[in-house]
Amino acid sequence: MCGIAGTVSAGAPDAGLVHRMCDALVHRGPDGAGFHTDDHAALGMRRLAIIDVAGGDQPVYNEDRTIAAVLNGELYNFRDLRDALRRRGHRLTSEGDTECLVHLYEEYGDELVDHLRGMFAFALWDARRRRLLLARDRVGKKPLFYRSDGTSLVFGSELKALMQDPSIPREVDPVALHHYLTYQYVPAPWSILQGVRKLPPGHVLVWQDGRHELRRYWRLDCTPRPVTDEREAAEELRERLLDATRVRMVSERPLGAFLSGGLDSSAVVAAMARQTTGRVRTFSIGFDEQEFDERHYARRLAEWYGTDHQELVVRPSALDVLPTLAWHFDEPFADSSAIPSFYVARMSREHVTVVLNGDGGDETFGGYRRYVAMNRTRRIHLPAALRPRLGRIGALLTSRGAPQSPPWQAGRVLELLSHPLSHRYARMMSYFGPEQKLAIYSDALREQLAGVDSYEILDAAFTASRAGSQLGAIMDVDINTYLPGDLLVKSDITTMANSIEGRSPFLDQHLMEWAARLPADLKIRSGTTKYLLKKAVAEWLPPELVNRPKMGFGVPLASWLRTELRGLSWDLLTDHTARSRGLFRHDAIERLLRQHQEGTDHSPRIWALIQFELWHRVFIDGAHTQAGTAIAAGADSWRS
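All values reported here derive from a predicted model rather than from experimental measurement. (Residues numbered from 1 in each chain as written. Predicted model: local features only at pLDDT ≥ 70, side-chain atom pairs only at ≥ 80, totals over all residues. Heavy atoms only, no water.)

Concerning the overall build of the protein
- Along its length, the protein carries 30 helices and 19 strands.
- In the protein, which comprises 640 residues, the proportion classed as buried is 61%.
- Once local pairs closer than 6 in sequence are excluded, the contacts in the protein between residues at least 24 apart make up 73%.
- Accessible surface, the protein as shown: approximately 24200 Å² in total, 49% of it carbon and sulfur. (Helix = DSSP H or I, 4+ residues; strand = E, 2+ residues; numbered from the N terminus. Buried < 20%, exposed > 50% of the residue type's maximum accessible area, 1.4 Å probe, protein only. Contact = heavy atoms within 4.5 Å. Areas by Shrake-Rupley, 256 points an atom, 1.4 Å probe, with all protein chains shown as cover.)

See below:
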């Protein structure tokens, strides 16, 4: 892993702590590292070197060394920034992007973030004012954790780095656990540890004299604007996607792309192929189970553009990697697609150091089938007396039907209709519903969480949205919750764990800001998802890829948990260690496991509990490296 770490205090900093924090940022490959201290701050850095490999050491300083900065990520407009700064008289000594930060701060102060195009988390120390500035990129590609105790502040790209501070208690935040079980990730600003917070995307944090303040500097404007010519809109989309892809192809290291065979990754590969003279390198993951395997679509696109294509099949035996994932993710994380994401990143690392991907296309252009479902149910209001019965029928259909099958989809619609409109989307995004969580909680945990409603997170996101339609608001909510909390965490950690850098053209701020104001019917029309995007890239792709149904990037989890991974679920969730936590009702957990074996699909809930238990054993139950080794050693017994 790569990242930043540091500490500031009203007194002298703990330089040794920063060394330990930097050591905790697990590092592989020839990445640069730097260290700086003065009377009030200590900053540390481990970074994967992509630009200015020879001269990109950090921290960087201004001319008189009164301002220092460390950066995790990439600034794609760094060349334009450097040219502008030199014209203003600044002296730059490197050829990379990080040095721009200290000089931009001299010019613009905290508003320097408004001039950055890229993915980043950075720390900047102003020695004259004894002032720390932390910032995170607009959509949350790069993570940043912090803890403030009123006199000092400790921060880092990884939670494990902050754990090197002995003053931070290793205690689970019950509210964070409550939200995790709902959404399968811990949403910002919470972290799984008591007292530690995440800096939300699009925010800056200023620390000075023992106090800190947060400010949001960016939010999408989703106010719709009229579009009179669809062909012109499609042409502009193509040009913006080409530009967003071009700036992300700047690298001194080998470059490639993840190719799932879906529309978004295929469009990115097409945009790459149109702007390079060499063959694009592409990488795909597949499964033995046909309903989850998209390799034939990826091969079709690879053949269409003549890419240098590699692929790998993921099988249950590959889950020996679970302890490794628990270590790298720092927090419980229950999106099972992290498994194939990790393996495609590891395979890619044998050939490239930078990969482009299709992240953000669904949220930006309306790609999820749930958007269609919500759009169809928005006018349906049922009597309260009828809702419970519909909910029970829907739950039965979804539990018995295969994911995305017609019975499963019908069940999801009935479940949605059984709730008021305000909570339908929250229910759709839930893995444990409120009643299901209460059913597994111990009496003590239930009492601690009385009155805490995880759905208030989405309620607040809907309230804050400026979108002019319910459909636009739903996509805006995803951009502010699911995208940074789940998809971008998965992408960043699985790539960084393998010392490669993932870049996402669809998350370019200029493309997103333009797309956010498109009318909703250019995203979803008559049940067709990504209407305008499909129209725009139709001339780039084989027809069968444009019109194919969306599969997602799931794994056959329900089947695995009934067969090869049955032992894992029972051993981890019912042994003495798990029972001793006092968090869950043992009989309720065993009931979930039995019902799953008998045919009810509880795989998302069981997986969430497994990931929490793995995380707890790795990070809380003792020396985490020893615990991880012990878990790995027991992997064979889980499949028995």
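A look at the nonpolar core
- Among the nonpolar cores identified, the biggest contains 130 residues, and F122, L177, L181, I440 and F584 are the most heavily contacted of them.
- If near-sequence neighbours (up to four positions away) are discounted, F584 is found in contact with L177, L181, I440, Y441, S442, L445, I589, L609 and F612. (Core = buried A, V, L, I, M, F, W, Y, C linked by side-chain atoms within 4.5 Å.)

So, the packing of aromatic side chains
- All chains considered together, the criterion is met by 13 aromatic pairs.
- Where F584 meets F612, the ring centres are 6.2 Å apart and the plane angle is 80°; that geometry is what we call edge-to-face. Linking F584 in the loop between α26 (576–579) and α27 (586–597) with F612 in helix α28 (residues 603–619), this pair joins segments that are 28 residues apart in sequence.
- Residue classification places F612 among the buried residues on the basis of a relative accessible area of 1%.
- One aromatic cluster is present, formed by W327, Y441, F584, F612, W615 and F619 through successive ring pairs.
- Across the ring face of Y531, the terminal group of R525 is positioned such that the distance to the ring centre comes to 4.1 Å. (Phe/Tyr/Trp six-rings, centres within 6.5 Å; stacked < 30°, edge-to-face > 60°. Lys NZ or Arg CZ within 6 Å of the ring centre and 35° of its normal.)

Some remarks on the sheet that holds strand β16 (residues 354–356)
- The five strands lie next to each other as β15-β14-β13-β16-β17, forming an open sheet whose pairing is parallel. Single-partner strands in this sheet number two, and they are β15 (308–313) and β17 (501–503). With direction set aside, neighbouring strand axes in the sheet form an average angle of 30°.
- Bridge count between strand β13 (residues 255–258) and strand β14 (residues 281–286): two bridges; the pairing is parallel. Bridge pairing in β14 links A257 to T282.
- Relative to the sheet, helix α10 (residues 338–349) contacts β13, β14, β15 and β16, its axis offset from that of β14 by approximately 145°. (Pairing = 2+ DSSP bridges. Axes fitted to C-alpha atoms, helices over the stretch in contact; angles between N-to-C directions.)

Details of the sheet that holds strand β12 (residues 211–216)
- Strand order across the open sheet formed by six strands is β4-β5-β6-β7-β11-β12, with antiparallel pairing between neighbours. Edge positions in the open sheet fall to β4 (60–61) and β12, since each of these has one partner strand only.
- Bridge count for strand β11 (residues 203–208) against β12 is six bridges, and the pairing is antiparallel. Of the residues in β12, the one forming a bridge with W207 is H212.
- Lying over the sheet, helix α3 (residues 99–108) contacts β4, β5 (67–75), β6 (118–126) and β7 (131–136), oriented at roughly 125° with respect to β5.

Things to note about helix α8 (residues 295–305)
- Buried within α8 we find R295, Y297, A298, L301 and A302. For α8, the angular spread of buried residues about the axis comes to 160°, placing them on one side.
- Of the residues trailing α8, G306 is marked for its positive phi of about 65°. (Arc of directions from axis to C-beta.)

Focus on the pairing of strand β9 (residues 152–156)
- In terms of burial, β9 is largely enclosed, as five of its five residues are buried.
- Sheet topology places strand β1 (residues 3–9) next to β9; five bridges connect them, and they run antiparallel. Residue A5 lies in a different strand from β9, and its bridge partner there is G156.
- Across four bridges, the pairing between strand β8 (residues 145–148) and β9 is antiparallel. Directly across from R147, in β9, lies its bridge partner V154.
- Between β8 and β9, which pair antiparallel in sequence order, lie three residues; one of them, G150, sits at a positive phi of approximately 95°.

Concerning the pattern of salt bridges
- Applying the stated criterion across every chain yields a total of 37 salt bridges.
- Across the salt bridge formed by E158 and K160, the nearest N and O atoms sit 2.6 Å from each other.
- For E158, a relative accessible area of 2% corresponds to the buried category.
- What emerges from the salt-bridge pattern is a single network uniting R117, D243, R246, R248 and D508. (Salt bridge = Lys/Arg side-chain N within 4 Å of Asp/Glu carboxyl O.)

Things to note about helix α19 (residues 470–480)
- Burial analysis of α19 places nine of its 11 residues in the buried class, which makes it a mostly covered element.
- For α19, the full list of buried residues reads L471, G472, A473, I474, M475, D476, V477, D478 and I479.

Notes on the packing of helix α25 (residues 566–574) against α28
- Contact pair α25 / α28: the axes reach a minimum separation of 10 Å and the direction vectors enclose 55°. Taken together, α25 and α28 sit at an angle that is classed as oblique. Two packed elements cross with a definite hand, and for α25 against α28 that hand is left-handed. Where α25 approaches α28, its residues L568, S569, D571, L572 and L573 are matched on the opposing element by I606, L609, I610, E613, L614 and R617.
- Partitioned by chemical class, the residues of the contact of α25 with α28 number seven nonpolar, one polar and three charged. (Parallel < 35°, antiparallel > 145°, perpendicular 65-115°, else oblique. Left-handed = near helix turned anticlockwise from the far one by under 90°. Nonpolar A, V, L, I, M, F, W, Y, C, P; charged D, E, K, R; others polar.)

As for the environment of G411
- You can see G411 is positioned in helix α14 (residues 406–417).
- You can call G411 buried: its relative accessible area is 0%.
- As a C-alpha pair, G411 and I393 span 18 residues in sequence and 7.0 Å in three-dimensional space.

A word on the confidence of the model for the protein
- Scored by pLDDT, the protein comes out at a mean of 87, with 87% of its residues at no less than 70.
- Note that residues 26–39 has pLDDT below 50 and, in this model, 50 contacts with residues that lie over four places away or in other chains.
- For residues 623–640, every residue scores under 50 in pLDDT, and the model assigns this stretch 32 contacts once sequence neighbours within four places are set aside. (pLDDT = per-residue confidence, 0-100.)

Looking at the packing of helix α13 (residues 387–400) against α14
- Between α13 and α14, the shortest axis-to-axis distance is 7 Å and the interhelical angle comes to 155°. Comparing the axis directions of α13 and α14 gives the class roughly antiparallel. Judged by the sense of rotation from one axis to the other, the crossing of α13 with α14 is left-handed. Taken together, the residues of α14 that come into contact with α13 (itself represented by R387, L390, G391, I393, G394, A395, L397 and T398) are P407, W408, A410, G411, R412, L414, E415 and L417.

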